[in-house]
Protein chains: 2
Amino acid sequence: MNTQREIRDFILHGYKHYVPHVSIDCAIFGYHERQLKVLLINIRSVNGLCLPGGYIKRTETLTQAAHRIVKERTGIQNLFLQQFKTFGDPGRALTRELDEKKFSAITGVKIGKKNWLIDQTISIGFYAITDFSKVNPQPDFMSDFCRWYDIHQLPGLLFDHNEMVREALHIMQLQLYHYPIGINLLPEKFTLTEIHALYETLLTKKLDIRNFPKKLIFLGIIKKLNEKVSIGPHRSPFLYKFDKAKYNKALKEGIPLH
Amino acid sequence: MNTQREIRDFILHGYKHYVPHVSIDCAIFGYHERQLKVLLINIRSVNGLCLPGGYIKRTETLTQAAHRIVKERTGIQNLFLQQFKTFGDPGRALTRELDEKKFSAITGVKIGKKNWLIDQTISIGFYAITDFSKVNPQPDFMSDFCRWYDIHQLPGLLFDHNEMVREALHIMQLQLYHYPIGINLLPEKFTLTEIHALYETLLTKKLDIRNFPKKLIFLGIIKKLNEKVSIGPHRSPFLYKFDKAKYNKALKEGIPLH
């Protein structure tokens, strides 16, 4: 949607092509060198921050819709988007923050009280994690900007999106021990210090460096290589890699990594 | 809904009180002595099996709706219902198996092609687990019966409900190590043999009895008591209990049990 005509058509007749009452919102986390961020967009004219989101085409699967929405709204492609929770408490809907007058002001399209976009909406949350130093998000026509925000200094977001970020973080932390979440955030071979920093940052807590490798090896997440790297005088730590065979087996068989 | 008038009103005007396009379906697992079952209902006149499901009132939270639906359709109360995944692939909807003619035949209410109940529907899945020997499910007016079926001999279900059961089982198996899922399925103090049988049944795989207790203690799930039980001549195994303090801490802080 880039022209006024397309937007008008979406607002007035979009329910024919999209499933009404259901949206998708995406919490895209970004990791780099001990920093954890989340991608937010600023909706034009409202001057409010929220997660990138949108509606589901009647011909799409939920995962296809999530990929299309992220691509359209931020320009980012090829994320591993994982559904984490659906949000539907009464009062969470668009109407709470954005009534029909404001909506008309933003879009230039006058809408009625019965327009499909301002009725109660249930939203399906997806999350993904990427290296924020490697992507350059771009806002779409509907947004002023699209930026990474530190997870520990998150501003107040529109709708129930602060709760969505908290829940996405919680589920990501649970899944960290079951899915290959860290695999694209570290080099193929890494030191214990590197994966320790990654896990501490994603779990947002301190982890005992002495027990940490034992735990990851016990859970079948990483394996120690018979190979060292020189990182300074008298400093040659062993290298490790993710145990992809175990990950793939777990993903295929649908069983936990234990 | 127990009278013809209530059903008619729901079919023709239900969208005013319920959120259209979104339903809830519940996979209720039952465990008892190494058996794992799932609760299915047989929809009246269609003669087809499916999970108990229904729509969300506009004033309810999703969890409130799930509890009400389970209570209305099966009579069961006080389950720990956990949202696990939302299903929305095109073609999964009611229309695939149940067109407007069949629907009119079942309910005695003639409906048009534009009726809200036969448009595309996205369904939010919840699961719960209970001891099937302790509950006596009762079907509602819309169903002929409501019965436990062995998870390993599941018949073909309506819609995408076979996939829902598989996914619910998968997520339950992942969460088994993070949430106190087994707590109501065993006595307060239990032997390793008892919890081993429970975990093998829920995970639907063999677990090495020698490593099993070490693993559960390592993950902070159970603790060994300084207490034995006599179960026969020369047989007095130690008793164990769930580590509720660790569970509660994990649930409260939203962090994994590690």
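Right above here is the structure, for reference.
None of these values were measured; they are calculated from a predicted model.

Draft legend 1. Spatial organisation of the layout of surface pockets. Its volume calculated, the largest pocket comes out at about 1,200 Å³. In terms of lining, the largest pocket is formed by 49 residues, of which the most central are A:Phe84, A:Lys85, B:Gln83, B:Phe84 and B:Lys85. Contributing elements (two or more residues each) for the lining of the largest pocket: α2 (62-74), β5 (82-87) and α4 (161-175) of chain A together with α2 (62-74), β5 (82-87) and α4 (161-175) of chain B. For the lining of the largest pocket, the residue count by class is 19 nonpolar, 18 polar and 12 charged.

Draft legend 2. Representation of the relation of the copies chain B and chain A in the model. Rotating chain B by 180 degrees and moving it 0.0 Å along the rotation axis overlays it on chain A with an RMSD of 0.0 Å. Expressed as a symmetry operation, the mapping of one chain copy onto the other fits a two-fold axis.

Draft legend 3. The packing of aromatic side chains, seen in detail. Scanning the model with the defined rule gives 18 aromatic pairs over all chains in all. Relative to A:Phe242, the ring of A:Phe190 has its centre 5.1 Å away and its plane inclined at 55 degrees; by these criteria the two rings are tilted. Linking A:Phe190 in the loop between α4 and α5 (192-203) with A:Phe242 in strand β9 (residues 238-242), this pair joins segments that are 52 residues apart in sequence. Each ring, one from B:Phe10 and one from B:Trp116, has its centre 5.4 Å from the other, and the planes form 75 degrees; the classification is edge-to-face. With a gap of 106 residues between them, B:Phe10 in helix α1 (residues 4-13) and B:Trp116 in the loop between α3 (100-107) and β6 (122-131) connect regions that are remote in the sequence. The exposure classification of B:Phe10 matches that of B:Trp116, with both residues buried. Grouped by ring-pair contacts, the aromatic residues A:Phe10, A:Tyr18, A:Tyr55 and A:Trp116 constitute a single cluster.

Draft legend 4. Structural view of the environment of B:Leu62. Within the fold, B:Leu62 resides in helix α2. On the accessibility criterion, B:Leu62 (3% relative accessible area) is buried. Each C-alpha atom, one on B:Leu62 and one on B:Ile124, is 8.6 Å from the other, the two residues being 62 residues apart in sequence. If near-sequence neighbours (up to four positions away) are discounted, B:Leu62 is found in contact with A:Thr86, A:Phe87, A:Gly88, A:Asp89, A:Ile122, B:Ile24, B:Ile56, B:Gln83, B:Ile124 and B:Phe126.

Draft legend 5. Geometry of the interface of chain B and chain A. On the side of chain A, 36 residues touch chain B, which itself brings 36 residues to the contact. Both faces considered, chain B and chain A share a buried interface measuring about 3,400 Å² in area, 64% of it formed by carbon and sulfur atoms. Joining chain B to chain A, the criterion identifies 2 salt bridges. Between A:Arg58 and B:Asp119 there is a salt bridge; the shortest N-O distance is 2.8 Å. Seen at the junction of chain B and chain A, the total is 7 residue pairs in polar contact (both at pLDDT 80 or more). Elements supplying a minimum of two residues to the side of chain B that touches chain A: β1 (18-32), β5, β6, α4 and α6 (212-218) of chain B. In the side of chain B that touches chain A, the residues fall into 17 nonpolar, 12 polar and 7 charged.

Draft legend 6. Representation of the pairing of strand β6 (residues 122-131) of chain A. Residues and elements named next belong to chain A. With 10 of its 10 residues buried, β6 lies for the most part within the structure. Both faces of β6 are covered, namely the face carrying Ile122, Ile124, Phe126, Ala128 and Thr130 and the face carrying Ser123, Gly125, Tyr127, Ile129 and Asp131. Of the pairings in the sheet, the one linking strand β1 (residues 18-32) to β6 comprises 10 bridges and is parallel in character. Following the sheet pairing, Ile28 is matched in β6 by Ala128. Across 5 bridges, β5 lies against β6 in antiparallel orientation. Residue pairing across strands places Lys85 opposite Gly125, the latter belonging to β6.

Draft legend 7. Quick peek at the side chain of B:Glu200. Residues and elements named next belong to chain B. Following the sequence through the fold, Glu200 ends up in helix α5 (residues 192-203). By relative accessible area, which is 8% here, Glu200 ends up buried. When near neighbours in sequence (up to four residues on either side) are disregarded, Glu200 contacts Arg34, Lys205, Lys206 and Leu207.

About the criteria used
- Residues numbered from 1 in each chain as written.
- Chains lettered and ligands numbered in written order.
- Predicted model: local features only at pLDDT ≥ 70, side-chain atom pairs only at ≥ 80, totals over all residues.
- Heavy atoms only, no water.
- 1 Å grid on protein atoms, 1.4 Å probe; cavity = no way out; pocket = protein on both sides within 12 Å on 5 of 7 lines; lining within 4 Å.
- Points joined across faces, edges and corners; volume = space filled by probe spheres on them.
- Helix = DSSP H or I, 4+ residues; strand = E, 2+ residues; numbered from the N terminus.
- Nonpolar A, V, L, I, M, F, W, Y, C, P; charged D, E, K, R; others polar.
- Least-squares fit on C-alpha atoms with pLDDT ≥ 70 in both.
- Phe/Tyr/Trp six-rings, centres within 6.5 Å; stacked < 30°, edge-to-face > 60°.
- Buried < 20%, exposed > 50% of the residue type's maximum accessible area, 1.4 Å probe, protein only.
- Contact = heavy atoms within 4.5 Å.
- Buried area = accessible area lost by both parts, 1.4 Å probe.
- Salt bridge = Lys/Arg side-chain N within 4 Å of Asp/Glu carboxyl O.
- Polar contact = N/O pair within 3.5 Å; in protein donor to acceptor, adjacent residues only side chain to side chain.
- Pairing = 2+ DSSP bridges.

The analysis is restricted to geometry; functional conclusions fall outside its scope.
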